[in-house]
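# Notes for the structure review
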Amino acid sequence: VVSALGPDTLLDPCVVTGFPLAFALDLLLTPLYYGLDHFNAENVKVRRKWTQGVEIDGTRMVYPYVEVAAHLQHAPGAVVALVA
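Remember, it's a predicted structure, so these values are computed and weren't measured experimentally. (Residues numbered from 1 in each chain as written. Predicted model: local features only at pLDDT ≥ 70, side-chain atom pairs only at ≥ 80, totals over all residues. Heavy atoms only, no water.)

## Things to note about the overall build of the chain
Tallying secondary structure elements over the chain gives four helices and two strands in all. Tracing the chain from N to C terminus, the helices and strands come up as α-α-β-β-α-α. Here the chain holds 84 residues, and 19% of them are scored as buried. Here the analysis covers contacts within the chain between residues at least 6 apart in sequence; of these, 43% occur between residues at least 24 apart. As displayed, the chain offers around 6,500 Å² of accessible surface, 70% of which is attributable to carbon and sulfur atoms. (Helix = DSSP H or I, 4+ residues; strand = E, 2+ residues; numbered from the N terminus. Buried < 20%, exposed > 50% of the residue type's maximum accessible area, 1.4 Å probe, protein only. Contact = heavy atoms within 4.5 Å. Areas by Shrake-Rupley, 256 points an atom, 1.4 Å probe, with all protein chains shown as cover.)

## A look at the packing of helix 1 (residues 12-38) against helix 3 (residues 66-74)
Packing of helix 1 against helix 3 brings their axes to within 9 Å, and their N-to-C directions diverge by 145 degrees. Between helix 1 and helix 3, the residues in contact are Leu-29, Thr-30, Tyr-33, Tyr-34 and His-38 and Glu-67, Ala-70, His-71 and His-74, respectively. Here the contact of helix 1 with helix 3 is built from residues that sort into four nonpolar, four polar and one charged. (Axes fitted to C-alpha atoms, helices over the stretch in contact; angles between N-to-C directions. Nonpolar A, V, L, I, M, F, W, Y, C, P; charged D, E, K, R; others polar.)

## Quick look at unusual backbone geometry
Although it is not a glycine, Asp-57 adopts a positive phi angle of roughly 50 degrees. With respect to the helices, strands and loops of the structure, Asp-57 is situated in the loop between strand 1 (54-56) and strand 2 (59-61).

## Points about helix 2 (residues 41-52)
Compared with the 16 Å implied by 1.5 Å per residue over twelve residues, the 17 Å span of helix 2 between its first and last C-alpha is a close match. Sitting at the head of helix 2, Asn-40 places a side-chain oxygen 3.2 Å from the backbone nitrogen of Glu-42. Two residues or fewer past helix 2, Gly-53 is found with a positive phi of approximately 120 degrees. (Expected span 1.5 Å × (residues − 1). Polar contact = N/O pair within 3.5 Å; in protein donor to acceptor, adjacent residues only side chain to side chain.)

## A look at the confidence of the model for the chain
In this model, the chain carries an average pLDDT of 82, and 89% of its residues clear a pLDDT of 70 or more. Taken element by element, the predicted model of the chain shows its lowest mean pLDDT in helix 4 (residues 76-83) (78) and its highest in helix 2 (92). (pLDDT = per-residue confidence, 0-100.)

## So, the packing of aromatic side chains
This model, assessed by the stated rule, comprises four aromatic pairs. Arranged with centres 5.0 Å apart and planes meeting at 70 degrees, the rings of Tyr-33 and Tyr-34 form a pair that is edge-to-face. Given a relative accessible area of 18%, Tyr-34 falls into the buried group. By way of ring pairs, the aromatic residues Tyr-33, Tyr-34 and Phe-39 are connected into one cluster. (Phe/Tyr/Trp six-rings, centres within 6.5 Å; stacked < 30°, edge-to-face > 60°.)

## Quick word on the environment of Asn-40
Within the secondary structure, Asn-40 is located in the loop between helix 1 and helix 2. Residue classification places Asn-40 among the partly exposed residues on the basis of a relative accessible area of 37%. In terms of polar contacts, Asn-40 uses its side chain to reach the backbone amide nitrogen of Glu-42, at 3.2 Å.

Structure (structure tokens):
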């Protein structure tokens, strides 16, 4: 976006050079997250704890959508890389 603001800017070579890196990192985000973090036993326990409820300052807080949020945060990475 910044390189489109003016003709022959200094950022054009950086954008052209950096695009493959940005594409690769975005495309790898989804499999790396699911391979390293989502199915990690400790992370599963933490998400289950938040789903069942935790005590915060004497108030029981339940977050039923923790699992959905974990997917929504990382799953669209591959789709965005392919569409963009």
